[in-house]
4 protein chains.
Amino acid sequence: MRERVRIGIFGASGYTGAELLRLLGDHPLAEIRALTAERQAGKPVAEVWPQLAPYGLPDLVRIQDVDVGGLDVVFCALPHATTQAIIRELPRGPKVVDLSADFRLRDPAVYEATYGHPHQALEAQADAVYGLPEHYRDAIAHTWLVANPGCYTTAAELPLVPLLKRGLVQPAGIIIDAKSGVSGAGRDAKQGSLFTEVAEGIHPYGVATHRHTPEIEQCLSDFADAPIRVTFTPHLVPMSRGILATIYVRLAAGTESGDAHQALADAYAGEPFAHVLPFKTLPATRHVRGTNLCLIGVHPSRIPGEAIIVSALDNLVKGASGQAIQNMNIQLGLDERTGLGQRPLFP
Amino acid sequence: MRERVRIGIFGASGYTGAELLRLLGDHPLAEIRALTAERQAGKPVAEVWPQLAPYGLPDLVRIQDVDVGGLDVVFCALPHATTQAIIRELPRGPKVVDLSADFRLRDPAVYEATYGHPHQALEAQADAVYGLPEHYRDAIAHTWLVANPGCYTTAAELPLVPLLKRGLVQPAGIIIDAKSGVSGAGRDAKQGSLFTEVAEGIHPYGVATHRHTPEIEQCLSDFADAPIRVTFTPHLVPMSRGILATIYVRLAAGTESGDAHQALADAYAGEPFAHVLPFKTLPATRHVRGTNLCLIGVHPSRIPGEAIIVSALDNLVKGASGQAIQNMNIQLGLDERTGLGQRPLFP
Amino acid sequence: MRERVRIGIFGASGYTGAELLRLLGDHPLAEIRALTAERQAGKPVAEVWPQLAPYGLPDLVRIQDVDVGGLDVVFCALPHATTQAIIRELPRGPKVVDLSADFRLRDPAVYEATYGHPHQALEAQADAVYGLPEHYRDAIAHTWLVANPGCYTTAAELPLVPLLKRGLVQPAGIIIDAKSGVSGAGRDAKQGSLFTEVAEGIHPYGVATHRHTPEIEQCLSDFADAPIRVTFTPHLVPMSRGILATIYVRLAAGTESGDAHQALADAYAGEPFAHVLPFKTLPATRHVRGTNLCLIGVHPSRIPGEAIIVSALDNLVKGASGQAIQNMNIQLGLDERTGLGQRPLFP
Amino acid sequence: MRERVRIGIFGASGYTGAELLRLLGDHPLAEIRALTAERQAGKPVAEVWPQLAPYGLPDLVRIQDVDVGGLDVVFCALPHATTQAIIRELPRGPKVVDLSADFRLRDPAVYEATYGHPHQALEAQADAVYGLPEHYRDAIAHTWLVANPGCYTTAAELPLVPLLKRGLVQPAGIIIDAKSGVSGAGRDAKQGSLFTEVAEGIHPYGVATHRHTPEIEQCLSDFADAPIRVTFTPHLVPMSRGILATIYVRLAAGTESGDAHQALADAYAGEPFAHVLPFKTLPATRHVRGTNLCLIGVHPSRIPGEAIIVSALDNLVKGASGQAIQNMNIQLGLDERTGLGQRPLFP
């Protein structure tokens, strides 16, 4: 019988940390060995996450108090920038899946331009593999360090990569109008995330400046003939979970929206977590709530030569913690689906 | 002193009917004379709209029991298609503001193609004026029949008309990604509008086929050099009120997004209900909740030669009942703002 | 190895039916053989429940087309009154868990007084066992027909039964102020369950007349020295799932609220799905979302001799489909927890 | 013609401050002269409250920079404890309506026991009148300092005072199970008020210890023969506005619930903002959203000798800023309804 996987979660007091704990409860090999949270070190899980009280989890500790050598896997769910300092100092040995943005951008210049400071762990970054399993699976299997993609970016990349790869959409003019739930903003107390500020309304934010944009462009460019630049507009929706990306593309000459649909269906035919809906059927975020699925639909536009593609995923699962476990499974040589069979919670 | 305006509301059991009653409570000249609701005729308002119980409103009756001759104004908030049959038979005399889609499309062929049956009141339709006050004010002042615009369409037209009029955006490639609250679907019991089906999620609907599209195109074409075709994608958001339209445009050669912003600011400088925010500031629906305001913001795109324009309004007010009262005021020669001074309800 | 359990779900187009399908996805022995929905017979599951499309479930059929003899278990999630007619005619053989109210009241007179018509399947009802596993476990194990408790009633009974059994609370003066999510009202299109009618507000309903009251009283009386009458006030909360019951009790002479807490903790010490929180810690519905847990907290009142007890559960799981599976497991002699290990989805 | 009322709002960056600005927009005599916010001094209103941008309001300043002598009225919407220090130093002259809890408790010992420190402005407090207009109207008219009641307390007091006054309910055994929207927690960034922490769930808080309890008991005791002690249990509901209080009372011997209803209807027959619904009709918070109304309903209990009374109000209006304006109107000798005619925003 397969041995248990000894897991540490660095940054267990945020939503992606808690979501790892929820999902790993279904992973038959997962053994949670260490949970860290600097400011809440010493507390039992029940105090930080009452919903996890019944599951016999270890108390929160500081990272410095973790026996990293005794771990097989570290999930790093720390804030941006903190992460690279931690990973730089980490003893080699455990597989690491980093849920932050720190290791996603390969070009240090792009990193610096995006985040306003030089990268502090370039050596580790050279080993990092972008953790979108459907398109970087082999490399993921061979690295110790996975840079788990962002939630918006997964929703943008899964529908677009196969189309760019096969030259079915024009590289110019891609517009990604994305809508996200509030958990994407994390658990820190911020006025802008208060119930009263978010409920009963919708608004755009980070327009033309959102930091996920270079990540999307890096990934899409990996699979296109030319560098890709996109228009990316995020909106905040009064829901806790979910991302919907409505993507407007100009089709390549001679391509119909039905061709684009077929190409996506073919590309993801064997994938456990990327599902293409029937032509003209479009997804809803609530149909993937709590699951590691990304649903993709394709619809013809009224404008000839254009198509509308819609993707939906749960930002905390396929957009974060579920995808992280999927990456871990690949790194460990396990069945990629292990622990990720949750069905959608609806309503 | 100015005389009272004797008002009838046909279809007072729907949300736009109730919203007329809310807003007219602030109109110093409004006198509610008749409220109709065919299936609920005979009931007191308190039974259909408990929130309106305290305001001494007349009981609901059938249309046939209304003394139309004794009315100065009829607001028609009836279902599509019913409306044209009613208005066709209405004795001339009162001003009519129709909130349905029945009289918005001027071309009978477009009407028939959109709604699947020939128009049944072409004579009345010949008199109908499209009730977007900011752009059809004079004609509104001289007609007995106003075709009050739809909620999505107002949100799309107000930002685009001045830009097309001045040739600042290209006529091709306009994409309107719109997000609406649930009240747009009305008060009829539908599974798709249940709380459980709508909360905690977002999804697109009516993609490439929504019936508001020809209306948007008719209006935009009125002010452009060439017929306009748009991409229009509505989404359902878990909120009761509000429409946000995120509009992607290609600027005319030599035009910057700042120019587009300035042109909009100039166009609406004197308007009471269309406000242009400072350049790069974008609106939120919750900042117009309960008001007759449409807020408009302009932001540069990352893609040179493109711009992102966002508009926000309350679909039941500027998108329906408030705009209807604004139209009535114009028809009656009153100050357009009368009764429409409500400030936003936030949070 | 244990054989598969062949399962039929009668009434698979309602929320409790869908929830059975979600939960049974985690049950290693469950084999879904038949799904019925009279009005939607012939449709694939994907059409009725898009979120269940990926799971290879059988198409919906009519009950008459089900081979009941080939089933080990029937979950009956049909509307009230329909149920008893169906179960009366059902060939004996499969275990039946009925999620409706039809077989919960043992006294035909009480049934008739509550539902306004005589019971139509008294023979079957004589075999029915009330399916609150924590208190009727042995009888459940030996019956073919389980009357699965209501959601409100489970939330009221679990905290009160042990206290009444041990005489720690006075039989008179029990007040149950309950708050429910909207899924309790089902998936039928009803005006009162529209998003717009439910969001951003709270209201009581069914005050002093709710049909769950006699069921609560029957169960509590089973464990008390005297017949119990309760005050039960349900409220509708703008959330899809969850029931919170705030229960006000008068303690027996000499009993402190700490004693009541201890008694509950003792009573449920070995129970997998009834958890008693530390003294003075009170639960939240969102901490049990998607799980079969009932959390219970006890707090002293400011009024000497009184205590406040709060319970929380997910109305679709421990309040319906999860409890139904728990009952099935007991009937089949399986580990009661099988398939019910889901952790809470939060946020 | 009546002169303008020159108004200052101290603490204009919180929700009650913003709500005063919304409501005073409808007050024909109100002239906003000064808005303060210590940490945001120097900013335009548009930056703190985008929804109020269109209304030409003065910039935010520090209290020390306000010419208090030039004001007729000061609304004090400052945090607890800060308030008493400010009011102590305020030059006499303007009428003051204080929305904090600082001046509500008349007994310094009760104040100290409740808030954990001695009161710092006992001289001013001696002049303070509890601002529940329906029951302290004359005293309000003659004081410079009104202690505006809390939101929960108004919802509890309006239904109970007339019944206690007339001896129709027993002084013992009153249970107030209250449900509040999130705006009651203010606009400060707190983890517990995040959308993600509040949406899709309900939970109790402050059970048996909430600081509004002594205020309720002081007011009820004012109108009862004996000191009143109550059970008061607040709950947090996923809505921005609204309080619903479900109140359980034991009727006096010989009193029926219909008598209680009649007494309430009589007591509030002439009141503009306290409405008693028909017997057995119970209110919903969404029917008073945005208004200064408190709706009250009475229902018989199943338990003989008991009744269930439900009240609903908007915590930011009748529970705070609307009631404050009502008090100002009384202090100034204006018609109490001035500026408070808003109709409910529904849906």
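In what follows, the accompanying structure is described. (Residues numbered from 1 in each chain as written. Chains lettered and ligands numbered in written order. Predicted model: local features only at pLDDT ≥ 70, side-chain atom pairs only at ≥ 80, totals over all residues. Heavy atoms only, no water.)

Okay, the overall build of chain A next. Within chain A, the secondary structure is distributed over 11 helices and 14 strands. Along the longest, intermediate and shortest principal axes, the C-alpha atoms of chain A span 60 × 45 × 45 Å. Classification of the 347 residues of chain A by burial places 66% in the buried group. Carbon and sulfur atoms make up 50% of the accessible area of chain A, which amounts to about 11,100 Å² in all. Distance between charge centres in chain A, computed from 30 positive and 36 negative side chains, equals 4 Å. (Helix = DSSP H or I, 4+ residues; strand = E, 2+ residues; numbered from the N terminus. Buried < 20%, exposed > 50% of the residue type's maximum accessible area, 1.4 Å probe, protein only. Areas by Shrake-Rupley, 256 points an atom, 1.4 Å probe, with all protein chains shown as cover. Lys, Arg positive; Asp, Glu negative; His and termini not counted. Charge placed at Lys NZ, Arg CZ, Asp CG, Glu CD.)

The transform that puts chain C on chain B rotates by 180° and translates by 0.0 Å along the axis, for an RMSD of 0.0 Å. Such a combination of turn and shift is consistent with a two-fold rotation axis. Most of the interface of chain C is mirrored in chain B, where 100% of its interface residues again form contacts. (Least-squares fit on C-alpha atoms with pLDDT ≥ 70 in both. Contact = heavy atoms within 4.5 Å.)

It is worth spelling out the sheet that holds strand β14 (residues 306-313) of chain A at this point. Residues and elements named next belong to chain A. Ordered by their spatial adjacency, 7 strands build an open sheet running β9-β10-β8-β11-β14-β13-β12, and the pairing between neighbours is mixed. Only two strands of the sheet have a single neighbouring strand rather than two, namely β9 (203-204) and β12 (274-276). Running over the sheet, helix α7 (residues 151-165) touches β8 (175-180), β10 (231-236), β11 (243-250), β13 (294-300) and β14 and is turned about 35° from β11. (Pairing = 2+ DSSP bridges. Axes fitted to C-alpha atoms, helices over the stretch in contact; angles between N-to-C directions.)

With 47 residues of chain C at the contact, the number on the chain D side is 47 residues. Both faces considered, chain C and chain D share a buried interface measuring about 4,100 Å² in area, 54% of it formed by carbon and sulfur atoms. Across the salt bridge formed by glutamate 306 of chain D and arginine 250 of chain C, the nearest N and O atoms sit 3.8 Å from each other. Joining chain C to chain D, the criterion identifies 32 residue pairs in polar contact (both at pLDDT 80 or more). (Buried area = accessible area lost by both parts, 1.4 Å probe. Salt bridge = Lys/Arg side-chain N within 4 Å of Asp/Glu carboxyl O. Polar contact = N/O pair within 3.5 Å; in protein donor to acceptor, adjacent residues only side chain to side chain.)

Of note, the amide linkage connecting phenylalanine 346 of chain B to proline 347 of chain B takes the cis form, showing an omega dihedral of -5°. Within the element layout of this structure, proline 347 of chain B appears in the segment after α11 (317-332). Not every positive phi belongs to a glycine, and glutamate 200 of chain A is a case in point at roughly 50°. By the element assignment, glutamate 200 of chain A lies in the loop between α8 (195-198) and β9. The buried category is assigned to glutamate 200 of chain A, whose relative accessible area is 10%. Even without glycine at this site, alanine 81 of chain C takes up a positive phi of about 80°. Tracing the backbone shows alanine 81 of chain C in the loop between β4 (73-76) and α3 (82-89). Classification of alanine 81 of chain C as partly exposed rests on a relative accessible area of 24%.

So, on to the sheet that holds strand β10 (residues 231-236) of chain C. Residues and elements named next belong to chain C. The 7 strands lie next to each other as β9-β10-β8-β11-β14-β13-β12, forming an open sheet whose pairing is mixed. Looking at the sheet topology across the chains shown, the edges are occupied by β9 (203-204) and β12 (274-276). Bridging between strand β11 (residues 243-250) and strand β14 (residues 306-313) involves 8 bridges; their strand directions are antiparallel. Across the sheet, the residue bridging to leucine 244 is alanine 312, located in β14.

With 19 residues of chain C in contact, the opposing surface of chain B contributes 19 residues. Across the chain C to chain B interface the summed buried area is about 1,600 Å²; carbon plus sulfur atoms make up 59%. It is Leu194, Phe195 and Thr196 of chain C in chain C that bury the most area against chain B; as a group they hold 41% of the surface buried on that side. Summed over the shared surface of chain C and chain B, the number is 2 salt bridges. Across the salt bridge formed by glutamate 197 of chain B and arginine 187 of chain C, the nearest N and O atoms sit 2.8 Å from each other. Across the contact surface, chain C and chain B share 10 residue pairs in polar contact (both at pLDDT 80 or more). The element contributing the most residues to the side of chain C that touches chain B is helix α8 (residues 195-198) of chain C, with 4 residues. Looking at side-chain class alone, the side of chain C that touches chain B contains 9 nonpolar, 6 polar and 4 charged residues. (Nonpolar A, V, L, I, M, F, W, Y, C, P; charged D, E, K, R; others polar.)

Here we take up the relation of the copies chain C and chain D. Take chain C, turn it by 180°, move it 0.0 Å along the axis, and it overlays chain D with an RMSD of 0.0 Å. Interface overlap between copies: 100% of the residues of chain C at the interface are likewise at the interface in chain D, consistent with a symmetric, same-surface contact.

Relative to the elements of secondary structure, glutamate 197 of chain D occurs in helix α8 (residues 195-198). Not counting chain neighbours up to four residues away, the residues in contact with glutamate 197 of chain D comprise Tyr15 and Arg187 of chain A, Arg286 and Phe346 of chain C together with Gln191 and Gly192 of chain D.

Bringing the state of the cysteines into the picture now. Two cysteines form a disulfide when their sulfur atoms are joined by a covalent bond. The full count for this structure, using the stated rule, is 0 disulfides over all chains. Counting only cysteine sulfurs, cysteine 294 of chain A is the nearest neighbor of cysteine 219 of chain A, a cysteine outside any disulfide, at a range of 12 Å. Free cysteine: cysteine 76 of chain B, not disulfide-bonded; nearest cysteine sulfur from cysteine 151 of chain B at 17 Å. Cysteine 76 of chain B sits in the buried class, given a relative accessible area of 1%. (Disulfide = S-S within 2.5 Å.)

So, about the pattern of salt bridges. Residues and elements named next belong to chain A. Across all of its chains, the model carries 80 salt bridges over all chains by this definition. Residue arginine 337 is joined to aspartate 335 by a salt bridge in which the shortest nitrogen-to-oxygen separation is 2.8 Å. You can call aspartate 335 partly exposed: its relative accessible area is 39%. In the salt-bridge network here, residues are joined through shared partners; they are Glu19, Arg22, Arg241 and Asp314.

As a further point, take the packing of helix α6 (residues 133-141) of chain A against helix α11 (residues 317-332) of chain A. Residues and elements named next belong to chain A. At their nearest, the axes of α6 and α11 sit 9 Å apart, and the two run at 40° to each other. With respect to their mutual orientation, α6 and α11 come out oblique. In this structure, α6 meets α11 at a crossing whose hand is right-handed. In this structure, α6 uses Pro133, Glu134, Arg137, Ile140 and Ala141 to contact α11, whose residues at the interface are Lys318, Gln323, Gln326, Asn327, Ile330 and Gln331. (Parallel < 35°, antiparallel > 145°, perpendicular 65-115°, else oblique. Left-handed = near helix turned anticlockwise from the far one by under 90°.)

All names here are of chain B. The residue aspartate 98 is located in strand β5 (residues 95-98) in this model. Buried charged residue aspartate 98 carries no salt bridge. Nearest counter-charge: arginine 104, at 6.7 Å. Residues in contact with aspartate 98, not counting those within four places in the same chain, are Cys76, Thr83, Ile87, Phe103, Leu145, Val146, Ala147 and Asn148.

Time to look at helix α6 (residues 133-141) of chain D. Inspection of α6 of chain D places Pro133, Glu134, His135, Tyr136 and Ile140 of chain D among the buried residues, and these make up the whole buried set. Here the buried face of α6 of chain D lies against β6 (129-130), β7 (145-147), α7 (151-165), α9 (213-222), β12 (274-276) and α11 (317-332) of chain D.

It is worth spelling out the pairing of strand β1 (residues 5-10) of chain C at this point. When a strand is regular, its side chains alternate between the sheet's two faces. All names here are of chain C. Judged by how many residues are buried, β1 sits mostly within the fold: 5 of 6 residues are covered. Handedness of the β1-helix α1 (residues 15-24)-strand β2 (residues 30-36) crossover: right-handed. As paired strands, β1 and β4 are joined by 4 bridges and run parallel to one another. Residue pairing in the sheet places isoleucine 9 in a bridge with phenylalanine 75 of β4. (Right-handed = clockwise from strand over helix to strand, strands pointing away.)

With that out of the way, let us pick up the packing of aromatic side chains. Applying the stated criterion across every chain yields a total of 30 aromatic pairs over all chains. For the ring pair tyrosine 136 of chain B and phenylalanine 223 of chain B, a centre distance of 5.5 Å and an interplane angle of 75° mean the geometry is edge-to-face. Of this pair, tyrosine 136 of chain B sits in helix α6 (residues 133-141) while phenylalanine 223 of chain B is found in the loop between α9 (213-222) and β10 (231-236), placing the two residues 87 residues apart along the sequence. Phenylalanine 223 of chain B shares its class with tyrosine 136 of chain B; the two are buried. Relative to tryptophan 49 of chain D, the ring of tyrosine 15 of chain D lies with its centre 5.9 Å away and its plane at 50°, an arrangement referred to as tilted. Pair noted here: tyrosine 15 of chain D is in helix α1 (residues 15-24) and tryptophan 49 of chain D is in the loop between α2 (45-48) and β3 (60-61), with a separation of 34 residues, a long-range link. (Phe/Tyr/Trp six-rings, centres within 6.5 Å; stacked < 30°, edge-to-face > 60°.)

Any link to function would need more than the numbers given here.
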